[in-house]
Amino acid sequence: MDSKLTAEQAFLLLPKDHNLEGGDSPAATPSNSPAKRRKLDTREITQVNISDDEMEPTISTDVPMADVQLDEISPFKPTKWQNTINKLVKAIVSIRFSQVAAFDTEGPETSEASGFIVDAKNGIILTNRHVACAGPFVGEAVCHDHEEVDVYPIYRDPVHDFGFLKFDPSKIKYMPVTQVELRPELAKVGLDIRVVGNDAGEKLSILAGSISRLDRNTPDYGDLTYNDFNTFYLQAASSTSGGSSGSPVIDIEGNAVALQAGGHTKAATDFFLPLDRIKRALHYIRRGEPVPRGDIQVQFTYRPFDEARRLGLRPETEEKLRGIFKDEIGMLVVETVLPEGPAHKKMEEGDILLTINGEYITKFVPFEEMMDSNVGKTIRIGIERGGEPMELDICVGNLHAITPDRYVEIGGSKLNEVSYQLARTYCVPCRGVYVAEPSGMFRLDGPDNGWIIKSVDDKPTPDLNTFIEVMKSLPDRERVPVVYYSIADAHTILVAVVQVERHWSSFRLAVRNDKTGLWDFTDMGEPISPRAIKPSTKRFIELDDSLGPAKDLIRCLVKVNFYMPCRLDGFPRSRKIGAGIIVDKERGFVIVSRSIVPFSMGDLTLTVADSTVIPAKVIYLHPTHNFTVVQYDPKHIGDTDVMSAPFSTETLLQGHKVTLVAHNHNQRPVCLTTVVTDVTCVTIPHNGTPRFRSINLDAITLDTPLAVQCSSGLLADSNGLVQGLWMSFLGERNPNGHDNEYHLGIHISTIKPVLDRLQKGVPVNLRSINAELTTVQMAQAGAMGLSNEWVRKIEEANPAKHQLFMIKRTEAGSESAQVLKELDLILAVNGKVVTRMYEMDVQYEAEELSLTILRQKKEITVKVKTDVMSGDGTSRVVFWAGAALHEPHKAVLQQSKTLPSRIYISARSKGSPSYMYGLVPTMWITHINSKQVETLDDFIMAVKDIADNTYVRVRCVSFDNVPIMLSVKMVNHYFPLVDMVKDPSVECGWSKKEVELA
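All of the points below concern the structure found in this document. Only a predicted model underlies this, so the values are computations on that prediction, with no experimental measurement involved.

## Overview of the packing of helix 3 (residues 276–286) against helix 6 (residues 364–372)
Then, in step 1: Packing of helix 3 against helix 6 leaves a shortest axis separation of 10 Å and a crossing angle of 30 degrees. Judged on the interaxial angle alone, helix 6 and helix 3 are roughly parallel. Touching D276, R277 and R280 of helix 3 are V365, E368, E369 and D372, all from helix 6.
Then, in step 2: Grouping the amino acids of the contact of helix 3 with helix 6 by side-chain chemistry returns one nonpolar, no polar and six charged.

## Here's the deal with helix 3
Then, in step 1: Those residues of helix 3 lying buried are R277, I278, R280, A281, L282, Y284 and I285.
Then, in step 2: Residue G288 follows helix 3 closely and has a positive phi angle near 70 degrees.

## Describing the side chain of H625
Then, in step 1: Tracing the backbone through its elements, the reader meets H625 in the loop between strand 38 (612–621) and strand 39 (628–632).
Then, in step 2: Take H625: its relative accessible area is 9%, and that puts it in the buried class.
Then, in step 3: Within the structure, H625 has its side chain in polar contact with the side chain of Y844 (distance 3.5 Å).
Then, in step 4: When residues no more than four places from it in sequence are discounted, the contact partners of H625 are R594, F692, S694, I695, N696, L697, T750 and Y844.

## Brief notes about the side chain of N798
Then, in step 1: Mapping N798 onto the fold places it in the loop between helix 11 (788–797) and strand 48 (803–810).
Then, in step 2: Residue classification places N798 among the buried residues on the basis of a relative accessible area of 4%.
Then, in step 3: At 3.3 Å, the side chain of N798 forms a polar contact with the side chain of R836.
Then, in step 4: Other than its neighbours up to four places away in sequence, N798 contacts T835 and R836.

## Considerations on the pairing of strand 18 (residues 298–304)
On a regular strand, one side chain projects to one face of the sheet and the next to the other, so that they alternate.
Then, in step 1: Of all seven residues that make up strand 18, five are buried, and the element is covered over most of its length.
Then, in step 2: Both strand 18 and strand 19 (residues 330–337) contribute to a ladder of seven bridges, which runs antiparallel. Pairing of V298 across the sheet is with V337, part of strand 19.

## Focus on the packing of aromatic side chains
Then, in step 1: In total, this model carries 20 aromatic pairs according to the counting rule given.
Then, in step 2: Judged by centre distance (5.9 Å) and plane angle (75 degrees), the ring pair of F162 and F164 falls under edge-to-face.
Then, in step 3: Given a relative accessible area of 1%, F162 falls into the buried group.
Then, in step 4: Judged by centre distance (5.2 Å) and plane angle (85 degrees), the ring pair of W880 and F939 falls under edge-to-face. In this pair, W880 is assigned in strand 54 (residues 876–880) and F939 in helix 14 (residues 936–943), connecting sequence segments 59 residues apart.

## Here we look at the nonpolar core
Then, in step 1: Membership of the largest hydrophobic core comes to 52 residues, with the highest contact counts inside it found for F116, I125, L126, F162, F164, L182 and I278.
Then, in step 2: By residue number, the principal contributor to this core is helix 3, which donates five residues.
Then, in step 3: With sequence-adjacent residues up to four places away left out, I278 is seen in contact with L126, F162, F164, L182, L259 and L273.
Then, in step 4: V560, F599, I614 and V986 belong to the second-largest nonpolar core, a separate cluster that totals 39 residues.

## Some points on the sheet that holds strand 8 (residues 137–142)
Then, in step 1: The strand order 5-6-7-10-9-8 describes a closed barrel built from six strands, whose pairing is antiparallel. This sheet shows a mean twist of 40 degrees between the axes of neighbouring strands, independent of strand direction.
Then, in step 2: Sheet analysis places strand 9 (residues 148–156) next to strand 10 (residues 163–166), joined by four bridges and oriented antiparallel. Looking at the pairing, Y152 lines up with K166 of strand 10.

Scoring rules and cut-offs
Residues numbered from 1 in each chain as written. Predicted model: local features only at pLDDT ≥ 70, side-chain atom pairs only at ≥ 80, totals over all residues. Heavy atoms only, no water. Axes fitted to C-alpha atoms, helices over the stretch in contact; angles between N-to-C directions. Helix = DSSP H or I, 4+ residues; strand = E, 2+ residues; numbered from the N terminus. Parallel < 35°, antiparallel > 145°, perpendicular 65-115°, else oblique. Contact = heavy atoms within 4.5 Å. Nonpolar A, V, L, I, M, F, W, Y, C, P; charged D, E, K, R; others polar. Buried < 20%, exposed > 50% of the residue type's maximum accessible area, 1.4 Å probe, protein only. Polar contact = N/O pair within 3.5 Å; in protein donor to acceptor, adjacent residues only side chain to side chain. Pairing = 2+ DSSP bridges. Phe/Tyr/Trp six-rings, centres within 6.5 Å; stacked < 30°, edge-to-face > 60°. Core = buried A, V, L, I, M, F, W, Y, C linked by side-chain atoms within 4.5 Å.

Here is the structure:
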């Protein structure tokens, strides 16, 4: 059975970790799309932040579009402005949209913006390029009367911040479809204007201003993001905010004189894109023709004459230009010349542009007219360089040819060719394979983004086609070197060894189709089967003899690498590394912390003796204790002298000397003797988003600061016998957004019940009362009604620690939840006083326990049935609308008092319908179109026949038991319904079935 998923199915293809939500904010609201708006940071005029990304996300508001806000309406001709706006508003639309996949300079996102109809007959809307999206787009436009129509991009300019969306005018039933005329020639300094659009989430807002400049250079929004260039921007004071991108800038007659594009975050200044090139492009689009766009890969800026003089402008040239252009105050000067471009080795930075084909040019509009009308032709450019006039013959290139319109998905990553946008920003050649979404296989070492792949498996990858052919030739799971560099630092060449991943995610090419608005996918074929592993014998390093018998335990340690293609169970990472302990070399059993291997879906490899990398599989995930049992094939390591950890029968106690043998955070061996400072029952703080948390454990702490640098290892006595395991425990997320990890030891007795059964080859069906316990000291217990007689029994049972255990919480839906209550004190189990956590292990074998408890100062005895604990973890995941759904995992049951359904939202993908319409991780789904759904099978049956591109009503219950009704649009092209089930017969351990939809 095919086990591959498409890149958009929830989190199967993880982008960088902060781009994918695993549900670390259960209080998140259903509104998750930041209003699209570009703002300039006032701290430095050239630095720009997109402030809308920091706003509270919104998708819709309750403000009717007809409730127009007339902010600062001019006192002159108020009736005229009101009449103009009343006619205009029917052509203004609010746009809700998502870029569903990372592409070029932009990652997946969900947002809202504005647009306006410029062709009512053909259904064409003008908006910004960063709204029409360079990558895959889905969206809808909401009209003045709140009718909604689907829109899709038919053009986005390669350079300038404008694009066109298309809709079907016949779908608008209840109002006439009108349009706004484009009149770029009317833009003048001092012109009274209004910016009309979706401002700060309002469906319609009108903000007043006046044009103050026509020749502002383009703002800089920062690196690795979209920036406009080679055009003037208009400047005005209107103080727009989030969501105003794509708004028309109108005069009192209702003509559009500019397009709103950006502004200061703090100052009341906004920047508008002139309409000259937009009007030209619309002319071609109306005729169904391609829009010719030419370029010589040179960025120009506008410099005033005084600056041009300093660059060598001759006085006679200035005099001539001032005579030709009476109002001119500056000229176009070369800012950047791209290497290997048409002008490379001809033009230089600081060159002053004079003429093109004999025509004097000082403005961007005639300059671009020359470029666009001479695509593929040679033009003669006149310049002055340091006071010396020169003429250069340069061939004009096709701007569309260096603007990517395709990308490839492989191994959880997305890659496209280096765009003109990126190349210009860093002044590098416009070629190479750029990692747009650095995740999965191509989540390389270093910063999160900006990588260009130079070669894979020592085969050069100069372009996307070559890259695809190289990847086709590599077997699945092959470990190959990848040579790469940062686009920001071409001088530093880096290398990483990656494992080819063709079994979880698709290997396919996506190509933009402006006829349908979709990106068409082409599968790149089936993967080559993994090569058979050849047994290999290696030697471990040898520690110094002065370390004693424990030095040999280094042969028990292996390095562990776990890649998770999908974010499940609230786990916050996609890749974890650490160490494991070999406990049975004959059977290949290794103990690993659950903070490293939290669930079974993923690629697990072990590195033995720092040399041999072999695959392993998850055998057992302990539901409450912090360990996972994994298994490798002993044949793969040949005669490598690995060692099974020799267990001691002596229990570690406070004050005992012990030797810690572990790997530190640099994966280097540590061997030192220290002292046990305490052995006590600890409670790992629970996270806001439920995820695995070890409970009911006696934890060992050590008297050495080095212990907190070691994620996994052994605790041995002076004879080299292992008394405990040292592990990292995943804790809560702190206010800074970082996950706390705790480093503690556990007794060997903790793993014995599981290991013994595995070694005997019998099923591990441990039973439990499914309750979390916490310690209570005698002073507190006395205040709760504990008698002196019981105090004496406790003192006799445990002279070292006088304590009892209290029920902190029981699992929702468990047998114990019907009998036990929170704050019950457990006095005895089956008649035996319990003061140590391991004394509760009697529950593993018993179907029923007799518990003597103290409840509200009354001593009672109750019968508590136990439940079988599964060691499989999450074994089924359904991907729908970009959300990962599965049954509530153990941590959810521990933290929730109710169980609204068995359909739990574990994660969602940015840019997906689930993100756009408010399906939040930690919610339960209870109804689909008013039909109750209890299980994943119920859910699949309810959604599989719903038509594509239609809305489905989804009733959810938040983690705080608040019911919510949402409407979610089906987008099956990018987010199909997929059912994945744990299946040992499949090579990767999971089978996938893509459910056929209506």
